[in-house]
Amino acid sequence: MRIGALEAGGTKMVCAIGNEKGEIFEKISIPTKTPETTMPEMIQWFKAKKIEALGIGCFGPIDPDKDSPTYGYITSTPKLAWKDYNIVGAFEECLCCPVGFDTDVNGSALGEVTFGQAKGKKNIVYLTVGTGIGAGVYAEGKLLHGMLHPEAGHILMRRREDDHYEGKCPYHKTCLEGLAAGPAIEERWGKKGIELQDRDEVWDLEAYYLAQALTDYILILAPQLIILGGGVMHQEQLFTRVRSYVKEMLNGYIKTKELEDIDHYIVPASLHDDQGIMGALELGRRAFEEKNS
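Residues numbered from 1 in each chain as written. Predicted model: local features only at pLDDT ≥ 70, side-chain atom pairs only at ≥ 80, totals over all residues. Heavy atoms only, no water.

### Thoughts on unusual backbone geometry
Right, on to step 1. A cis amide bond, omega 0°, links G60 with the succeeding residue P61.
Right, on to step 2. Looking at the secondary structure, you find P61 in the loop between β4 (53–58) and β5 (73–74).
Right, on to step 3. Phi is positive for H272, close to 55°, though the residue is something other than glycine.
Right, on to step 4. Tracing the backbone through its elements, the reader meets H272 in the loop between β12 (266–268) and α9 (275–292).
Right, on to step 5. Relative accessible area serves as the criterion here: at 74%, H272 is assigned to the exposed category. (Helix = DSSP H or I, 4+ residues; strand = E, 2+ residues; numbered from the N terminus. Buried < 20%, exposed > 50% of the residue type's maximum accessible area, 1.4 Å probe, protein only.)

### Notes on the sheet that holds strand β11 (residues 225–229)
Right, on to step 1. In space, the five strands of this open sheet follow the order β10-β9-β8-β11-β12, with mixed pairing throughout. Of all strands in the sheet, those with a lone pairing partner are β10 (142–143) and β12, marking the two edges.
Right, on to step 2. Sheet topology note: the strand β8 (residues 124–129)/β11 ladder contains five bridges and is parallel. What sits directly across from L127, in β11, is L228.
Right, on to step 3. Across the sheet, helix α3 (residues 104–115) is in contact with β8, β9 (133–139), β10 and β11; its angle to β9 comes to roughly 45°. (Pairing = 2+ DSSP bridges. Contact = heavy atoms within 4.5 Å. Axes fitted to C-alpha atoms, helices over the stretch in contact; angles between N-to-C directions.)

### Brief notes about the packing of aromatic side chains
Right, on to step 1. In total, this model carries seven aromatic pairs according to the counting rule given.
Right, on to step 2. A ring pair is formed by W82 and Y85, whose centres lie 5.4 Å apart and whose planes are at 85°; its orientation type is edge-to-face.
Right, on to step 3. Seen from their ring centres, Y208 and Y209 are 5.4 Å apart, and the 75° between their planes marks the pair as edge-to-face.
Right, on to step 4. On the basis of relative accessible area, Y208 is assigned to the buried category, the value being 13%.
Right, on to step 5. Put simply, the rings of W45, F46 and F91 touch in pairs and so form one group of aromatic residues. (Phe/Tyr/Trp six-rings, centres within 6.5 Å; stacked < 30°, edge-to-face > 60°.)

### Quick notes on the pattern of salt bridges
Right, on to step 1. According to the stated counting rule, one finds 17 salt bridges in the structure shown.
Right, on to step 2. One salt bridge in this structure joins K27 and D274, with 2.7 Å as the shortest N-O distance. With K27 in strand β3 (residues 24–31) and D274 in the loop between β12 and α9, this residue pair connects regions lying 247 residues apart in the sequence.
Right, on to step 3. Taking the shortest distance from any N to any O, the salt bridge between R160 and D162 comes out at 2.9 Å.
Right, on to step 4. Residue R160 is classed as buried on the basis of its relative accessible area, which comes to 18%.
Right, on to step 5. Counted as one network, the salt bridges with shared partners bring together R160, D162, D200, D204 and R241. (Salt bridge = Lys/Arg side-chain N within 4 Å of Asp/Glu carboxyl O.)

### Examining the pairing of β3
Right, on to step 1. Two strands pair when backbone bridges link them, and strand β2 (residues 12–18) and β3 are joined in this way by seven bridges, in the antiparallel orientation. By the bridge assignment, M13 is partnered in β3 with I30.
Right, on to step 2. Between β2 and the antiparallel strand that follows it, β3, lie five residues; G22 among them carries a positive phi value of about 85°.

### Comments concerning the sheet that holds strand β1 (residues 3–8)
Right, on to step 1. Here we have five strands laid out as an open sheet, ordered β3-β2-β1-β4-β7, and mixed in their pairing. Pairing within the sheet leaves two strands with one partner each, and these edge strands are β3 and β7 (99–103). Put simply, the sheet's adjacent strands are angled 15° from each other on average, direction ignored.
Right, on to step 2. Sheet analysis places β1 next to β4, joined by six bridges and oriented parallel. Across the sheet, residue A5 finds its bridge partner in β4, namely G55.
Right, on to step 3. α3 contacts β1, β4 and β7 of the sheet and is inclined by roughly 105° relative to β7.
Right, on to step 4. Across the sheet, α9 is in contact with β1, β2, β3, β4 and β7; its angle to β1 comes to roughly 130°.

### Some thoughts on helix α6 (residues 200–221)
Along an α-helix, residues three or four positions apart point the same way, because every turn accommodates 3.6 residues.
Right, on to step 1. Helix length check: α6, at 22 residues, gives a terminal C-alpha distance of 31 Å against a target of 32 Å (1.5 Å per residue), a fit within 8%.
Right, on to step 2. Here α6 lies mainly inside the structure; 16 of its 22 residues are buried.
Right, on to step 3. In the segment just after α6, A222 is the residue with positive phi, at about 50°. (Expected span 1.5 Å × (residues − 1).)

### What to know about the side chain of Q275
Right, on to step 1. Following the sequence through the fold, Q275 ends up in helix α9.
Right, on to step 2. In terms of polar contacts, Q275 uses its side chain to reach the backbone amide nitrogen of D273, at 3.4 Å.
Right, on to step 3. In contact with Q275, not counting residues within four places along its chain, are G107, S108, G111, E112, Y126 and A269. (Polar contact = N/O pair within 3.5 Å; in protein donor to acceptor, adjacent residues only side chain to side chain.)

### Notes on the nonpolar core
Right, on to step 1. Membership of the largest hydrophobic core comes to 42 residues, with the highest contact counts inside it found for L127, L176, L214, L228, V242, V246 and I266.
Right, on to step 2. Here the element with the most residues in this core is α6; it accounts for twelve residues.
Right, on to step 3. Dropping the residues within four chain positions of it, I266 is found in contact with L214, I226, L228, F239, V242, R243 and V246.
Right, on to step 4. Ranked by size, the runner-up nonpolar core spans 29 residues in total, among them W45, F46, W82 and I87. (Core = buried A, V, L, I, M, F, W, Y, C linked by side-chain atoms within 4.5 Å.)

Pasting the structure below:
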């Protein structure tokens, strides 16, 4: 198959062509501006590639409910130009092919489950830590949705006693994203994360908040694997600290073979930062299969 894939982010739209095996043939990046500016450029690019289906992993919140009148819309996003925008409908109308649709982080989770280290597992959490924080949840063999989709980057946190930062999130201040996303790191410490590599106190605090969130996910979702991706997680020293804090916070309450081997339970992403695009390819394949079944 020849499938289009779109990883729709707040700063850039990554467009790619690949196949059902997860092979990526070509890829471009287009700045995320307004729909009026960005959509025609993406549509023109995909049209020229003669794709059979398109998969979209999109920033949110979105409406992924196929029975909803606003299915395929970007809904209450803080990116105001894209608020209440029917992104699926726009592509379907212009490309005349099936379009698969989910959140960007659910797409990354699907990429890892279909092509990466989570293959064969029925329950995983994929957390991306970058400009924002989001989680994709794969539960009982399918991507988790409900009235909406997981917004696990916005769970409310217990602030550490020595941290007096007010929080960056405009909605919740001290949610996980508000305390631990890239912009929060930069505002709290006055420099970008990449300039703070040798500051132990920076990464110890970051690990504390990530571990607090992972502990909640473990207790609620009981995932078989937790994958941490995104730009902030390129600070590889975080993993050892996060694992240590998770063990401390769980305090021996649950015992599983996964937690006994925590180095292989809380792990980095495995697909060279292509997990989102590869997940979008799988979303496209599934949309094609559904339409032609």
